Amino acid sequence: MPDLPDAPRINPSILAADFVNMQADLARIATADFAHVDVMDNHFVPNLTFGPQMVQRIQETSPIPLDVHLMITDPDRWAPGYAELGAASVTFHLEAATDPVALARRLRSIGARAGVAIKPGTAGDSLYDILDEFDQILVMTVEPGFGGQGFMSETMPKLRALADEASRRGSGIWLQVDGGISDATIEQAARAGADTFVAGSAVYGHDDVEAAVTRLRSLARAGSLEK
Ligand code: DX5
Ligand code: ZN
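Below: a short report on this structure. (Residues numbered from 1 in each chain as written. Chains lettered and ligands numbered in written order. Predicted model: local features only at pLDDT ≥ 70, side-chain atom pairs only at ≥ 80, totals over all residues. Heavy atoms only, no water.)

### Some points on the pattern of salt bridges
Moving on, step 1. Applying the stated criterion across every chain yields a total of 12 salt bridges.
Moving on, step 2. Here Glu133 makes a salt bridge to Arg105, at a shortest N to O gap of 2.7 Å. Residue Glu133 is located in the loop between strand S5 (113–118) and strand S6 (136–140), and its partner Arg105 is located in helix H4 (residues 100–110); the two are separated by 28 residues in the primary sequence.
Moving on, step 3. Several salt bridges converge on common partners, so that one network encompasses Asp129, Glu165, Arg168 and Arg169. (Salt bridge = Lys/Arg side-chain N within 4 Å of Asp/Glu carboxyl O. Helix = DSSP H or I, 4+ residues; strand = E, 2+ residues; numbered from the N terminus.)

### With respect to the side chain of Thr91
Moving on, step 1. On the secondary structure map, Thr91 appears in strand S4 (residues 89–93).
Moving on, step 2. By relative accessible area, which is 1% here, Thr91 ends up buried.
Moving on, step 3. A polar side-chain atom of Thr91 sits 3.5 Å from a polar atom in the side chain of Gln136. (Buried < 20%, exposed > 50% of the residue type's maximum accessible area, 1.4 Å probe, protein only. Polar contact = N/O pair within 3.5 Å; in protein donor to acceptor, adjacent residues only side chain to side chain.)

### Some remarks on H4
Each α-helix turn comprises 3.6 residues. Residues three or four places apart therefore point the same way.
Moving on, step 1. Along H4, the residues classified as buried are Pro100, Val101, Leu103, Ala104 and Leu107. Axial view of H4: buried residues confined to an arc of 165 degrees, hence all on one face.
Moving on, step 2. Contacts from the buried residues of H4 go to helix H3 (75–84), S4 and S5.
Moving on, step 3. Following H4 by one or two positions, Gly111 has its phi on the positive side, about 115 degrees. (Arc of directions from axis to C-beta. Contact = heavy atoms within 4.5 Å.)

### Some words on the site of ligand 1
Moving on, step 1. As a matter of local geometry, ligand 1 sits amid 19 residues, with Ser13, Gly145, Asp178, Gly200 and Ser201 nearest to it.
Moving on, step 2. In this structure, His36 approaches ligand 1 through a side-chain N or O atom, which is 3.4 Å from an oxygen atom.
Moving on, step 3. In this structure, an oxygen atom belonging to ligand 1 sits 2.7 Å away from a side-chain N or O atom of Asp178.
Moving on, step 4. Isolated, ligand 1 exposes 380 Å² of accessible area, and the fraction of that covered by the protein chains is 99%.
Moving on, step 5. Going through the elements one at a time, strand S2 (35–40), strand S3 (66–71) and strand S8 (196–199) are the ones with two or more residues in the shell around ligand 1.
Moving on, step 6. Partitioned by chemical class, the residues of the shell around ligand 1 number seven nonpolar, 10 polar and two charged. (Near = heavy atom within 4 Å. Areas by Shrake-Rupley, 256 points an atom, 1.4 Å probe, with all protein chains shown as cover. Nonpolar A, V, L, I, M, F, W, Y, C, P; charged D, E, K, R; others polar.)

### Here we look at the coordination of the zinc ion (ligand 2)
Moving on, step 1. Distances from the zinc ion (ligand 2) to its protein donors, His36 (NE2), Asp38 (OD), His69 (ND1) and Asp178 (OD), fall at 2.1 to 2.3 Å.
Moving on, step 2. Coordination geometry of the zinc ion (ligand 2): the six donor atoms subtend angles of 72 to 172 degrees at the metal centre, consistent with an arrangement described as octahedral.
Moving on, step 3. Here the donor residues of the zinc ion (ligand 2) share one chain and are spaced in sequence as H-x1-D-x30-H-x108-D. Of this pair, His36 sits in strand S2 while His69 sits in strand S3, placing them 33 residues apart in sequence. As far as burial versus exposure is concerned, His36 and His69 are alike and both buried. (Donors = N, O, S within 2.8 Å, 3.2 Å for Na, K, Ca; no water. Tetrahedral: all angles 85-135°; square planar, octahedral: opposite > 155°, others 65-115°.)

### Here we look at the side chain of Asp67
Moving on, step 1. Counting through the fold element by element, Asp67 comes out in strand S3.
Moving on, step 2. Arg113 is the oppositely charged side chain nearest to the buried, salt-bridge-free Asp67, at an N-O distance of 7.1 Å.
Moving on, step 3. Of the polar contacts made by the side chain of Asp67, one reaches the side chain of Gln136; its length is 3.2 Å.
Moving on, step 4. Sequence-distant contacts of Asp67, that is, excluding residues within four places in its chain, are made with Asn11, Phe34, Ala35, His36, Val37, Ser89, Thr91, Gln136, Gln176 and Val198. (Lys, Arg positive; Asp, Glu negative; His and termini not counted.)

### Quick notes on unusual backbone geometry
Moving on, step 1. Omega for the peptide link from Ala7 to Pro8 comes to -5 degrees, which places this bond in the cis form.
Moving on, step 2. Mapped onto the elements of the fold, Pro8 is located in the segment before strand S1 (9–12).
Moving on, step 3. Of note in the backbone geometry, Asn42 takes a positive phi value of approximately 65 degrees without being a glycine.
Moving on, step 4. Along the polypeptide, Asn42 turns up in the loop between S2 and helix H2 (52–61).
Moving on, step 5. Given the relative accessible area of 48%, Asn42 is considered partly exposed.
Moving on, step 6. A positive phi angle is found at Asp74, which is not glycine, with a value near 60 degrees.

Right, here's the structure in full:
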């Protein structure tokens, strides 16, 4: 595996990119850490994006590695394919998986970082006993399905408890947040223990995407110093 970027990591979500100018919009995030790729199946969430064929081309085109977020039913069946096409990390939803531990092991065996995501209503302690099986946890800070929603600060106690549990166990697991991350909210997520930040509209909503990434990174750094 290539060298991994240090925290705080900023992962722009290409859900907010221009889908017919994807190559150009990928080039615009070259200074960010990972391109966050939201796969939605219109079943696990009420929205539809793209599948493996499109993600394969994104993988071949992106200047930075891919962080794939699967909002799909039956990840046990479909997630390994995204690892096989070369995604750096593949995150599936705990609520959708039949055997999360077996799936995490399979993803790792293919060479991807294994990630598990939980929706705002899902308790964090359901992950405590399986933390070691994962490289990253994604605490959703909106209901999954759409970009541009408001940040749910009520998810912060759960994030903080997960961060405490991970440090108690000496785990190097990454803690990611996704949904409503912006200049106004990123510091509180960093204070609660997040080290990896997905941002869609707060990156692509600006003409100067590179400056938006730099600003988010420095705000996250400031927040993490106040932990
Ligand atoms: C939502 C997706 C997010 C989305 C975030 O279900 O998982 O990755 O793109 O968009 P913003 O940053 O605009 O809330
Ligand atoms: Zn996402």
